[in-house]
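One-letter residues, chain by chain:
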Amino acid sequence: MGEHLPADEVVRRLQEARPPATDAFTYLALLDQHMSPELLPALLEILQDAELTTLIGWDLVDMLINVPGSEECLETVARLGNPREVILKALEVLEKTAIEEVEDEEGGELSSDRKDAEGSEEREAISPDAPSASSKFITLLGMLGILHKRLKVRRPSRFLHTTLQAVLQCYTPNREETAAIISFVRAVSIFARPPLPSRKSSTTLETPFQTNDPSKNAPDPEAEAQDPVEEDLMSRLLQSFITCIFEAFVNSNEIGWASRLVEFYNPHKIVPGRKTVMQAFRDDPDLLARDALLGQLAGLAGDLGLANLKPNRIAELCAAPIQPDPLATEPDSENPHQIKLSTTGFWCLTAYWVFASEVFDSDFVKPEMHVFPDLYDMVHRYLGEDAQAKIIENPGVIESLLVLGSWLHENNRIVADDQTEKPAFMTFHHYLTLCAVFHRSLQIRNAATTLAGQILHADPDDEDRLKILDDLLENCMFSSLQACAVTWLREELIRAAKGKADNVFSTPECIESFQYTLFPSLGHLNDAEANELIEFWAENHPFHLQVANFAYFLFAGKDFRHLVPEGMAAAVGERYVQPMIGVAKTLREKTGGEENAPPHYHMDIQVLIDRLESLPLDA
């Protein structure tokens, strides 16, 4: 770091060495040699010289960004430096910071053979209380907001496009960085309204960049007249950008839309005394702040023009070809329509409009669409290839599709009147069951299961419904989904009876067709070892618990006993019930004293035994 001098001596040298007393390179070297948090007040005063800051400002960005408390100096650089040069340097530092953060996360400090001498010295020079990567992002974004407002060039969309690409690439979808992005977009957009004065919000950042006073800004020294078409190009770029940000945020944060909408539509199914997701989002300050931030993002999207879309236009944009990287397209004044929204990001925004309109009674325009063909086409295009990876990697997009599905079902928008082809209920149901299996959130898996059952029952063709259930019971490898199929079958039997329907679910042929998938032969387990039975139960217990309940529903009561084919009860008792009781009792004996058994393990086994032993199978 060079010789140690008293602070006042360093300031005196810097004052005396100001260009033209020395050249810019020498002066920057002197600053770098003595840079410290203690120097910042004097440097801030020096930087009020607009001519000097225009000369050296862009070189100071990299030098200052790691110094604690340097925000005011960097703000001054943004206000007085050459906007073209400082924008480029700020983006360079932004990308460098993001790369260093990724390297630190992946392997800690870089190995010695990957460090050059300069990089090593920089790391040693950084104060232990140096700004975090997130705070650097926020500071640089604040600078960019000022710089783009000052920039006067013929094609500002080109600078904005480069900035938006870099910001999106470096963005971490946390609350602080998202709030900074909202402030940035408001700063650079001529369309977005400034935030209304209000009480302090958990999404407000206390930084020098929050109060942007244009009177403090130096004019662009190389100002040019702007091409009139640029306003449209920049508006489209910001719309595209905000849909990308919206998607990134909902993919990385628990948003609770689908589960809250299920609760909203089905209050009778809420278990008394159990805290609901709706209550959690009302009581938890972090979840409240997340909801508020999503509302601000949606409001910003509206200010940029997306809330003014007609319902049919929303449906058209949802049906547009999927754009995996919409900001990759360079702005072209001859073809502004080439700038597209993030298709999946727009799905997320549309889902928010629907969710907020239903749950919060917000006044958002909702799309003119149906499950078939609109939502089915969206899901089919998105999950048609590598569905499992898409569901795991993009949980927010999946949740958004489920929200749209729940809303469409609730409003009886199943099949459009002009639908000509037979709706693909079975394929759509298959996609929903994949979501119910692979989504990382239990709440979203439950919401997907709920919607899958609703879509199954909404299929007007009873033979189709039978095929869907048969396929699940016969071919599905997931016991939890097979258990759902048993539940859905029981619901179909009840619906047919209540509605006095004359369909496949009102005849003994239905139970006949399912008897060997519902009640398979388990005689081979009579001689199985205990470890084999434990493994069998671990893999299949959801299905067998539900089958026990279904058997009680079918055989123990009088309402549906007429659907049981003659002789079936005794056969089921011999090939399934007795062996299953034996398995359960062995499991109860062999694992009775194990304290580390899964939750409800022993209770589930006892429930199964009680259910099966109570069946009147000899009648």
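This text follows the structure it describes.
Residues numbered from 1 in each chain as written. Predicted model: local features only at pLDDT ≥ 70, side-chain atom pairs only at ≥ 80, totals over all residues. Heavy atoms only, no water.

Asker: Looking at this structure, how should I read the environment of Phe 519?
Answerer: Turning to its location among the elements, Phe 519 is positioned in the loop between helix 24 (508–518) and helix 25 (530–556). Measuring from C-alpha to C-alpha, the distance between Phe 519 and Ser 333 comes to 67 Å, with 186 residues separating the pair along the chain. Residue contacts for Phe 519: discarding those within four places in its chain leaves Val 547, Phe 550, Ala 551, Phe 555, Met 568, Val 572, Arg 575 and Tyr 576. (Helix = DSSP H or I, 4+ residues; strand = E, 2+ residues; numbered from the N terminus. Contact = heavy atoms within 4.5 Å.)

Asker: Got a minute to help me understand the packing of helix 15 (residues 311–318) against helix 16 (residues 343–359) in this structure?
Answerer: A packed helix pair is summarised by two numbers, namely the angle formed by the two axes and the spacing between the axes. Closest axis-to-axis distance for the helix 15/helix 16 pair is 9 Å, and the angle between their directions is 140 degrees. The pairing of helix 15 with helix 16 is recorded here as oblique in orientation. By crossing handedness, the relation of helix 15 to helix 16 is classed as left-handed. Within the contact between the two elements, helix 15 uses Ile 314, Leu 317 and Cys 318 and helix 16 uses Thr 343, Phe 346, Trp 347, Thr 350 and Trp 353. (Axes fitted to C-alpha atoms, helices over the stretch in contact; angles between N-to-C directions. Parallel < 35°, antiparallel > 145°, perpendicular 65-115°, else oblique. Left-handed = near helix turned anticlockwise from the far one by under 90°.)

Asker: What exactly am I supposed to notice about helix 26 (residues 568–590) here?
Answerer: An α-helix turns once every 3.6 residues. As a result, residues three or four positions apart point the same way. Between its first and last C-alpha, helix 26 extends 32 Å over 23 residues, near the 33 Å set by a 1.5 Å rise per residue. The largest bend in helix 26 amounts to roughly 40 degrees and is located at Glu 574. (Expected span 1.5 Å × (residues − 1). Bend = angle between axes of the 7 residues up to and from the residue.)

Asker: For this particular structure, what's the right way to read the environment of Ile 146?
Answerer: Mapped onto the secondary structure, Ile 146 falls in helix 8 (residues 133–150). Using a relative accessible area of 2% as the deciding quantity, one classes Ile 146 as buried. With 418 residues separating them in the primary sequence, Ile 146 and Val 564 have C-alpha atoms 76 Å apart. (Buried < 20%, exposed > 50% of the residue type's maximum accessible area, 1.4 Å probe, protein only.)

Asker: What should I look at first to understand the nonpolar core in this one?
Answerer: Across soluble globular proteins, nonpolar side chains show a tendency to be buried alongside one another. Within the largest apolar cluster, 191 residues are counted, with the highest numbers of intra-cluster contacts made by Leu 31, Phe 246, Trp 257, Leu 493, Phe 519, Phe 550 and Phe 555. Per-element tally for this core: the top contributor is helix 25, with 12 residues. Two domains share this core, each providing at least three of its residues, namely domain 1 (7–103 + 131–193 + 220–248) and domain 2 (253–460). Setting aside its immediate chain neighbours within four residues, Phe 555 contacts Phe 519, Arg 561, Val 564, Met 568, Ala 569, Val 572, Leu 615, Pro 616 and Leu 617. (Core = buried A, V, L, I, M, F, W, Y, C linked by side-chain atoms within 4.5 Å. Domains from an automatic or database assignment.)

Asker: Could you clarify how one ought to interpret the pattern of salt bridges in this entry?
Answerer: Should their charged atoms come close, side chains of opposite charge can pair. According to the stated counting rule, one finds 23 salt bridges in the structure shown. For Arg 155, the salt bridge goes to Glu 230, with nearest N and O atoms at 3.6 Å. On the criterion of sequence distance, the pair formed by Arg 155 in the loop between helix 8 and helix 9 (156–170) and Glu 230 in helix 11 (residues 230–252) is long-range, its members being 75 residues apart. Judged by relative accessible area, Glu 230 falls into the buried class, the value being 0%. Where Arg 495 meets Glu 492, a salt bridge forms, and the shortest distance between an N and an O atom there is 3.2 Å. Taken together, the positions of Arg 495 and Glu 492, both in helix 23 (residues 479–498) and three residues apart, correspond to about one turn of that helix. A relative accessible area of 2% places Glu 492 in the buried class. When salt bridges that share partners are traced, they join Glu 9, Arg 12, Arg 13 and Glu 16 into one network. (Salt bridge = Lys/Arg side-chain N within 4 Å of Asp/Glu carboxyl O.)

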